[in-house]
Amino acid sequence: MSVMIKESPISERGMIAEAEKALADISRVRDGVGRVIFGQEAVVERTLVALLAGGHALLVGVPGLAKTKLVETLGVVLGLDSRRIQFTPDLMPSDILGSEVMEQDEFGKRSFRFLSGPIFAQLLMADEINRASPRTQSALLQAMQEYHVTIAGARHDLPAPFHVLATQNPLEQEGTYPLPEAQLDRFLMQVDILYPEIEAERRILLETTGVEDAKAANVLQPARLKEIQTLIRRMPVPESVVEAILKLVRSARPGQGHAETDKLVAWGPGPRASQALTLCARARALYDGRLAPSVDDIRALAEPVLQHRMALTFAARAEGTSVRDVVAKLAKGI
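Residues numbered from 1 in each chain as written. Predicted model: local features only at pLDDT ≥ 70, side-chain atom pairs only at ≥ 80, totals over all residues. Heavy atoms only, no water.

(A) Summary view of the overall build of the chain. Within the chain, the secondary structure is distributed over 14 helices and 13 strands. Over its C-alpha atoms the chain spans a radius of gyration of 21 Å, differing by no more than 12% from the 20 Å that the globule rule assigns to 334 residues. Dimensions of the chain, computed from C-alpha atoms along their principal axes, come out at roughly 70 × 55 × 50 Å. Restricting to contacts in the chain with at least 6 residues of sequence separation, those with at least 24 account for 78%. Of the roughly 16,500 Å² of accessible surface on the chain, 53% is carried by carbon and sulfur atoms. The average position of the 39 basic charges and that of the 42 acidic charges among the side chains of the chain differ by 4 Å. (Helix = DSSP H or I, 4+ residues; strand = E, 2+ residues; numbered from the N terminus. Rg over C-alpha atoms; globule rule 2.2 N^0.38 Å. Contact = heavy atoms within 4.5 Å. Areas by Shrake-Rupley, 256 points an atom, 1.4 Å probe, with all protein chains shown as cover. Lys, Arg positive; Asp, Glu negative; His and termini not counted. Charge placed at Lys NZ, Arg CZ, Asp CG, Glu CD.)

Structure, rendered in structure tokens:
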């Protein structure tokens, strides 16, 4: 039984045909990324799911785990206009949004012209986003939410599709400005990047230290990516999955009758987490070759979708409990 979307037999057949075509395209994207990024299947899956769902992702990992390489590869494979910003404490909002400059023509007439910043890209890598000042972070994150910027009272729309993949180093926190909780909520998922397995690291050693490195090739166009994103929003969601999402998100909030959550969680995820789980579950189902999400998708996505939308109590942190531990336990209960 499905909710929210009811398809007629004809439109259902059409949707199945669209889905099969999308599956072939996604398979080519996976293969294209896999030629360059080794041994990070879960990271690639979650990052691609975030893009297919039409959102932004926060990549968290220590240096040297191919975060930058992953974003560059995705830009090439998906055919997106990609740009990178290295965030520093002295970076100003105008450095990323753009600014107006005064020009004078040959007749002496002066006028202002808008020079767009690097944010006017389809895929933006915000490298070490927590190194920029809160003012600059807010400028970027507002654009992520509104999909336009306002300079000197004039609105300038960002290109479509528009995605931000931001990175953070979880170890070095000196001289950084941690993202506020409300701004973290703008990211559809937080993707943690761990050390590769030994076989993957062996392949990295052999294939990246020679004369030639593997290079990504374009397999998709931005217009096609937008079509797949629209298809994902049309996918039916079973009632059981809707109930699992509601149960999981609400059980992660204190004051909802869940004794362990009341003890461990200071504040929990809002409705945006439910929306993110719904979109990402659809995208993951299509990524895996299915036409509808299942409860297993919710369990698999619980950590990346919820962990940056929750905070633990002081007592929980003092006992060594992590947000991942809490989310994992809640996910088992749905």
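(B) The arrangement of helix α8 (residues 222-234) in detail. For α8, built from 13 residues, the straight-helix expectation of 18 Å at 1.5 Å per residue is met to within 8% by its first-to-last C-alpha distance of 19 Å. Those residues of α8 that sit buried are P222, R224, L225, I228, Q229, L231 and I232. (Expected span 1.5 Å × (residues − 1). Buried < 20%, exposed > 50% of the residue type's maximum accessible area, 1.4 Å probe, protein only.)

(C) Here's a closer look at the environment of P304. Looking at the secondary structure, you find P304 in helix α12 (residues 295-306). With 178 residues separating them along the chain, P304 and A126 place their C-alpha atoms 19 Å apart. Once residues within four sequence positions are removed from consideration, P304 is found in contact with R46, L188, M189 and Q190.

(D) A look at the packing of aromatic side chains. This structure, assessed with the given rule, holds two aromatic pairs. Seen in terms of ring centroids, Y147 and F162 are 6.1 Å apart; in terms of plane orientation they differ by 85 degrees. Their pairing is edge-to-face. Here the residue Y147 occupies a position in the loop between α5 (134-146) and β7 (148-151), and F162 occupies one in the loop between β8 (154-157) and β9 (163-168), the gap between them amounting to 15 residues. For F162, a relative accessible area of 2% translates into the label buried. (Phe/Tyr/Trp six-rings, centres within 6.5 Å; stacked < 30°, edge-to-face > 60°.)

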